[in-house]
Amino acid sequence: MADPVLIVENLHKSYGPIKAVDNVSFSVPQASCFGFLGPNGAGKSTLMRILYGTAERERRPETAVRVFGFDPAQNELDIKFLSGVVPQDNNLDEELNVERNLLVYSKFYGMKRREADGRIDELLSFFELSEKRKARIRELSGGMKRRLTIARALLHAPRLLILDEPTTGLDPQVRHLIWDKLRQLKKDGMTILLTTHYMDEAYQICDTILIMDKGRKAMEGPPQDLLDSHIERYVLEIVKPDAGREIASMPVPEGVRSDPSRDRLVFYSNEAHVLRRIAKNLGHGEYHLRESNLEDLFLKLTGRALNELQ
Ligand code: ADP
Ligand code: MG
């Protein structure tokens, strides 16, 4: 097997008393999508910034960081040429139009004008932005700006694409479009590293996720494997508060776990029929029986919700 594109061992970073990244290790194989899932403040952006060289890590003997074999603290430029970065905030130049935003970057990478023009055509078409080539940045929607920022990161045909919250705040249609494009890139051999606080994003496009909470790694693995081995398969949520109170006063059946910490009564079990029995006297709309997801897993691990604001 090819060497991993990225290797991180025992990474630490503090801001004063805050441990933004607390002893995190992982590695990312080629042509895979690796996702960091965690709420605001988990340390995702700090970790990304260390990888592409815009934040310094703590100097410790046990720490190792290698991107294509290079250390970002020493060979930032080598890594820049091999990777494309989409920061959390689109840092597009509002004064320039779409095309010029891309041309400025192509110059940074030393691309000839003809090569750049061809590549710009290709990328605008791939991201469905061809009609906006001459548009000003302020005329673009949030989803278009995001797609343009991703296109810009791909100009120099990098082998690694790093995206910090690629779809936060975008509508579902654009999110699906971006996911499709990321899947296509991966199929063509791109290695993708992303952060997200959307469990569906992590589930849909990542081969491996690393669940982060308060700077620490809580868990790592393929999303479905994590669900299969760490949380019951089904979840029953009691929507109606007074029905919830009545059910809560009854003993919890065997093979069922209840979670009283949530704002509504919630039961977990590997057997859907046991949960259905708990809800047997409830009417339509008074409960919700579904398969468990990464949000449930995160709650179980940390006692907090993924989208909770800090
Ligand atoms: P995430 O991207 O997961 O939301 P961040 O990496 O942005 O998390 O932040 C992790 C923690 O580090 C937070 O508590 C945040 O306030 C803190 N932090 C991040 N960047 C800085 C900085 N430049 N100076 C001080 N504190 C920071
Ligand atoms: Mg962030």
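Residues numbered from 1 in each chain as written. Chains lettered and ligands numbered in written order. Predicted model: local features only at pLDDT ≥ 70, side-chain atom pairs only at ≥ 80, totals over all residues. Heavy atoms only, no water.

### Observations regarding the state of the cysteines
Here comes step 1: Under the criterion given, the structure shown has 0 disulfides.
Here comes step 2: With no disulfide of its own, Cys33 lies 3.9 Å from the sulfur of Cys206, the closest cysteine sulfur.
Here comes step 3: On the basis of relative accessibility, which here comes to 2%, the residue Cys33 falls in the buried class.
Here comes step 4: Taking the relative accessible area as the measure of exposure, Cys206 reaches 7% and is therefore buried. (Disulfide = S-S within 2.5 Å. Buried < 20%, exposed > 50% of the residue type's maximum accessible area, 1.4 Å probe, protein only.)

### Observations regarding the domain arrangement of the chain
Where interface size is quoted, it is often the accessible area lost as the parts come together.
Here comes step 1: Its domain assignment divides the chain into domain 1 (6-221) and domain 2 (232-291).
Here comes step 2: Here the C-alpha centre of domain 2 lies 40 Å away from the C-alpha centre of domain 1. (Domains from an automatic or database assignment.)

### Considering the packing of aromatic side chains
Here comes step 1: A complete count under the given rule lists 8 aromatic pairs for this structure.
Here comes step 2: The interplanar angle of 85° and the centroid separation of 5.0 Å between the aromatic rings of Phe126 and Phe127 together place this pair among those described as edge-to-face.
Here comes step 3: Judged by relative accessible area, which is 1%, Phe127 ranks as buried.
Here comes step 4: An aromatic cluster is defined as three or more aromatic residues linked by ring pairs; in this entry it consists of Phe81, Tyr105, Phe108 and Tyr109.
Here comes step 5: It is Arg175 that lies over the ring of Tyr198; its NZ or CZ is 3.9 Å from the centre. (Phe/Tyr/Trp six-rings, centres within 6.5 Å; stacked < 30°, edge-to-face > 60°. Lys NZ or Arg CZ within 6 Å of the ring centre and 35° of its normal.)

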